[in-house]
Amino acid sequence: MPRNEPTEVTGEWDGERSAKRRKAVRYGVPVAVAGVAAATIGLVPAFAGSGSPDLPKISAQDLIAKITKSDVQQLSGTVQVTTDLGLPSLPGGMGAGGAGGFGGAEQGRGGADGAASPQSKLTELASGTHTLRVAVDGPEKQRVSIVGNSADYTLVHNGADVWAYDSGSNSAVHHTAPRDGHRGTHRGAPEGLPKGLQSATPQELAKAALEKAGDTTSVTVGDTAKVAGRDAYQLVIKPKQTASTVGSIRVAVDAANGVPLKFTLTPKSGGPAAIDVGYTRVDFARPAADTFSFTPPKGAKVVNGDKAGEQAARQHGKALKDHKGPKDFGGLDVIGKGWTSIATVKGAGGHAGKDQLAKGDAGKFLDSLGTKVTGSFGSGHVFSTRLVNALMTDDGTVYVGAVDKQALIAAADAAKK
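Residues numbered from 1 in each chain as written. Predicted model: local features only at pLDDT ≥ 70, side-chain atom pairs only at ≥ 80, totals over all residues. Heavy atoms only, no water.

Draft legend 1. Region of interest: the environment of Gly86. As for its placement among the helices and strands, Gly86 is situated in the loop between strand 1 (74-83) and helix 4 (119-124). Judged by relative accessible area, Gly86 falls into the partly exposed class, the value being 39%. Separated by 300 residues in the primary sequence, Gly86 and Arg386 have C-alpha atoms spaced 5.4 Å apart. Among residues more than four places away in sequence, those in contact with Gly86 are Thr385 and Arg386. (Helix = DSSP H or I, 4+ residues; strand = E, 2+ residues; numbered from the N terminus. Buried < 20%, exposed > 50% of the residue type's maximum accessible area, 1.4 Å probe, protein only. Contact = heavy atoms within 4.5 Å.)

Here it is as structure tokens:
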């Protein structure tokens, strides 16, 4: 059983890296896939199959090049998504342990109008295990279905048409894909569908992970593996910054065509993967043409998503105009770089005002959810998951990132200097 040289890549290994990243697996990901937050990878027994294939050695640089040069335009298969961020359960089944999937009441039913809104699918994939069926035939045809116990949710992109259909409520939303002004063709990511819906496949997760690679990252090649019956190499990505909560990311790469087949992100704290996404079945033949055909079933409620989106945008714009928020709301900023980047939002305490979050019932509630911390910045509470931590100071500033508690406190202290 061969073992690859532990070649490490930490900097700019190729002057064309940025251009290659943009090209990477351009069509290997359905545009309408339901997504999870972050990048991924590892091989668990359910996916690994039996034994490790005997493959030629390959360097980290060459394996990365194999991924970025991959131009697979057709595939179909089944993807299993498992997310375990350690999110707390909220009262009434509203949290991570609540009514996810298609069995949960109105979650995923698209809000008050009962339409098949794709936005709610993002929250469903934030915890638990989900099965997706995907099919791709170039930039103009993609299909993904989230398979539920009692109902399925399907998104289909075929040229100018984008459909979202929820079989549980027998409702559908139709969008028109926006046209590309340079080529006159329809772009793959239609307006009105969340961008995050593209990121629940191994391809997109690998792309996001590779974009992190640089002088803050160690990239090596691990052992070979079998994924969905395919021979694969494993790319191992590890942050060098000790404050990161990410332990490692593994990307299983198809040895024949360079397509990422499986991705697992393991937290530095150990335990099961926080994000594990991989093909259990994959076929690189062109899917049948009727795979991308969709006609709403008889009796289905059909919503014109273009008109609904325009109306929602007008209402949202009016709400923003009428809203009289705190004058000191400073918006979003990002400090740091690489794996230890921290997003900050000033004035997130809203109308509570300076130090009000620490007082009375509000303070008791925060104490029950988070850990009280102090520093030269003052005092606040840290709220933790297995991957992402957030510090809310008592004056309403929020610091959040995939970093440990001390990094958040240091960032808050530095902001006060």
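Draft legend 2. Structural view of the pattern of salt bridges. Summed over all chains, the structure comprises eight salt bridges. Of the charged contacts, one joins Asp231 and Lys226 as a salt bridge, the two residues approaching to 2.7 Å between their closest N and O atoms. Since its relative accessible area comes to 27%, Lys226 is described here as partly exposed. Here Asp276 ties to Lys262 by a salt bridge, and the two come within 2.4 Å at their closest N and O atoms. Of this pair, Asp276 sits in strand 12 (residues 275-283) while Lys262 sits in strand 11 (residues 260-267), placing them 14 residues apart in sequence. With relative accessibility at 6%, the residue Asp276 sits in the buried group. For Lys262, a relative accessible area of 0% gives the class buried. (Salt bridge = Lys/Arg side-chain N within 4 Å of Asp/Glu carboxyl O.)

Draft legend 3. Quick peek at unusual backbone geometry. At Asn170, a position not held by glycine, the phi torsion is positive, near 50°. For Ala228, which is not glycine, the phi dihedral falls at a positive 50°. Within the secondary structure layout, Ala228 lies in the loop between strand 8 (225-227) and strand 9 (230-239). Residue Ala228 is classed as buried on the basis of its relative accessible area of 19%.

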